[in-house]
Amino acid sequence: MSLRSKDLVSIKDLSVEETELILETAAGFKDVLGRDIKKVPALRGKTTVNLFYEPSTRTRTSFEVAAKRLSTDVINIATSTSSVVKGETLLDTAKTVLALGADIVVIRHSSSGTAHFLSNNIKASVVNAGDGTNEHPTQALLDLFTIKEKLGSIKGLEVAIVGDILHSRVAKSNIYALTKLGAKVRLIGPPTLVPDCMKELGASIYTDMNAGLEGVDVIMMLRIQLERQGKGFFPSTHEYFRNWGLTAARVSKADPNAIIMHPGPMNRGIEIASEVADSSRAVILDQVTNGIAVRMAVLYLVSGVKA
Amino acid sequence: MSKELLDKKDIERAVTRMAHEIIEKNKGIDSICLVGIQRGGVHIANRLQAKLKEIEGSDLPVGTLDISLYRDDLNVRKEQPLVRRTVVPFEIADKKIVLVDDVLFTGRSIRAALDAIMDLGRPAAIQLAVLVDRGHRELPIKADFVGKNIPTSMNENVTVELTEDSTDDRVVLE
């Protein structure tokens, strides 16, 4: 069993078997992270390039740690300090990176479809670290891994995703991933951020927090992107918190064993109350650790597929 | 054409003798741990543990070791090997490790296993136990405990089939 593609561009492209292969492989890598020597020689001699056209600390760092734990060399290119500001095109930058000897390119870009474009045009493996409002596949995979680790399996679970679904690539990848593995997804938020047409993705839609959280097994919070403020999506962060912020009282509507997730970085007091974020039900730091294991699995598996 | 080389009884006798040899060589089983290589070696390690308990009366710790990330052919294989779990829930520093595999062939798996173990800690010693030694070594590696030496040709395959309840155990040459 192996992946069919040299790239990981979207969750949509993955079969159920491929998704499960990644999660099982990640379990093996999580073992590695628990040791004194947290490094294996699997990808010795390979080079990973992190090509980030958008600011990112946690995803970039997570990919960097994952690549180093696999013994690849890592080169970080932040485009704000590169030739991109001199007007170089994406493809030219990528070809330059390949000429430097890259085997894997991890790309984040503010335009949807960038990873797909790159994967069709270069020989190296391309891993999507977030493209516009489209997908963020490794985030969804690490969320699946964390849910499986905490609750045993995905099938049959009720999962609520709360917040700015419209602009969220994390939400989209998670909707595809969760429904693929047999979970039921509810989307909760103001109608401006959770438009009715999102039903077509196979999820049900709620505008009321208490109704939406009733009996769910997983509460997945999204970051309210503060740059959306003042654009008419919601009146104020204060009012947003009053209607859609996750408080202890609202958590009590969910299943007593429900877990609380957040992809980070959190806005305490806007989408999530501090006492909830710090409660024992929150698995937010587990998500960070699992992110490394899952990204190791992805880098390991894509580099085994010959172009 | 497949040929049965060892049946259930033969395997049990081989495991029994190996258990006695492990005790003899180490003058008892103090500070010994068993580590089975995924997947075939794990079954044999469990059998050895049961046998050693029968003889000496105490439970030895058993771990499982995945060597796929340490293989020397990752760059040339068509597919990445499946990564399985490495579970060694005990301190191996200053312990004597008996590394267990089902078939010893080129010795390359054992080389990988030695590297994998060294990344877990610094054992006092590592000894090697295999159910079948089929020859054709490509590295200077030798087993300390061998269930059965079976001369083979390069194009043959040796398969060890062990079941959970050991009713259909056998070793087959194809």
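Presented here is a report on the structure given in the accompanying data block. The structure displayed is predicted, hence computed values, not measured ones.

So, on to the interface of chain B and chain A. Interfaces are often sized by the accessible area lost when the parts come together. At the interface, 13 residues of chain B touch 15 residues of chain A. For the side of chain B that touches chain A, the class distribution of residues is 6 nonpolar, 2 polar and 5 charged.

Looking now at helix α4 (residues 114-121) of chain A. All names here are of chain A. All of the buried residues along α4 are Thr114, Ala115, Leu118 and Ser119. Each buried residue of α4 sits inside an arc of 130 degrees when the element is viewed along its axis, so together they form one side. Every exposed residue of α4 that faces more than 90 degrees away from the buried side is listed here: Asn120 and Asn121. Looking at the buried positions of α4, the neighbouring elements they touch are α3 (90-99), β3 (104-109) and β4 (125-131).

On to the nonpolar core, then. All names here are of chain A. The biggest cluster of nonpolar side chains holds 148 residues, and the ones touching the most others in it are Val105, Val218, Ile219 and Leu299. Examining the composition of this core, we find that 10 residues originate from one element, helix α11 (residues 284-302), more than from any other. Of the domains in this structure, domain 1 (16-135 + 290-302) and domain 2 (137-287) are the two that each give at least three residues to this core. Discounting residues that sit within four places of it in the chain, Val218 has contacts with Ile147, Leu157, Val159, Ala160, Ala258, Ile259 and Met261.

This next bit is on the sheet that holds strand β7 (residues 158-161) of chain B. All names here are of chain B. Strand order in the open sheet formed by 3 strands is β1-β8-β7, and the pairing between neighbours is antiparallel. With one partner strand each, in any of the chains shown, β1 (3-6) and β7 form the two edges of the open sheet. Strand-to-strand, the axes of this sheet are offset by a mean angle of 30 degrees, without reference to chain direction. Relative to strand β8 (residues 170-173), β1 runs antiparallel, the two being bridged by 3 bridges. Bridge pairing in β8 places Glu4 opposite Val172.

It is worth spelling out the pairing of strand β2 (residues 73-78) of chain A at this point. Residues and elements named next belong to chain A. One ladder, built from 6 bridges, connects strand β1 (residues 47-52) with β2; its direction is parallel. Looking at the pairing, Asn50 lines up with Asn76 of β2. This β-α-β element, β1 to helix α2 (residues 58-69) to β2, shows right-handed connectivity.

What counts, and at which threshold
Residues numbered from 1 in each chain as written. Chains lettered and ligands numbered in written order. Predicted model: local features only at pLDDT ≥ 70, side-chain atom pairs only at ≥ 80, totals over all residues. Contact = placed C-beta atoms within 7 Å. Nonpolar A, V, L, I, M, F, W, Y, C, P; charged D, E, K, R; others polar. Buried ≥ 20, exposed ≤ 12 C-beta atoms within 10 Å, placed from the backbone. Helix = DSSP H or I, 4+ residues; strand = E, 2+ residues; numbered from the N terminus. Arc of directions from axis to C-beta. Core = buried A, V, L, I, M, F, W, Y, C linked by C-beta atoms within 7 Å. Domains from an automatic or database assignment. Pairing = 2+ DSSP bridges. Axes fitted to C-alpha atoms, helices over the stretch in contact; angles between N-to-C directions. Right-handed = clockwise from strand over helix to strand, strands pointing away.

Honestly, that's just the spatial picture; any functional story needs more than this.
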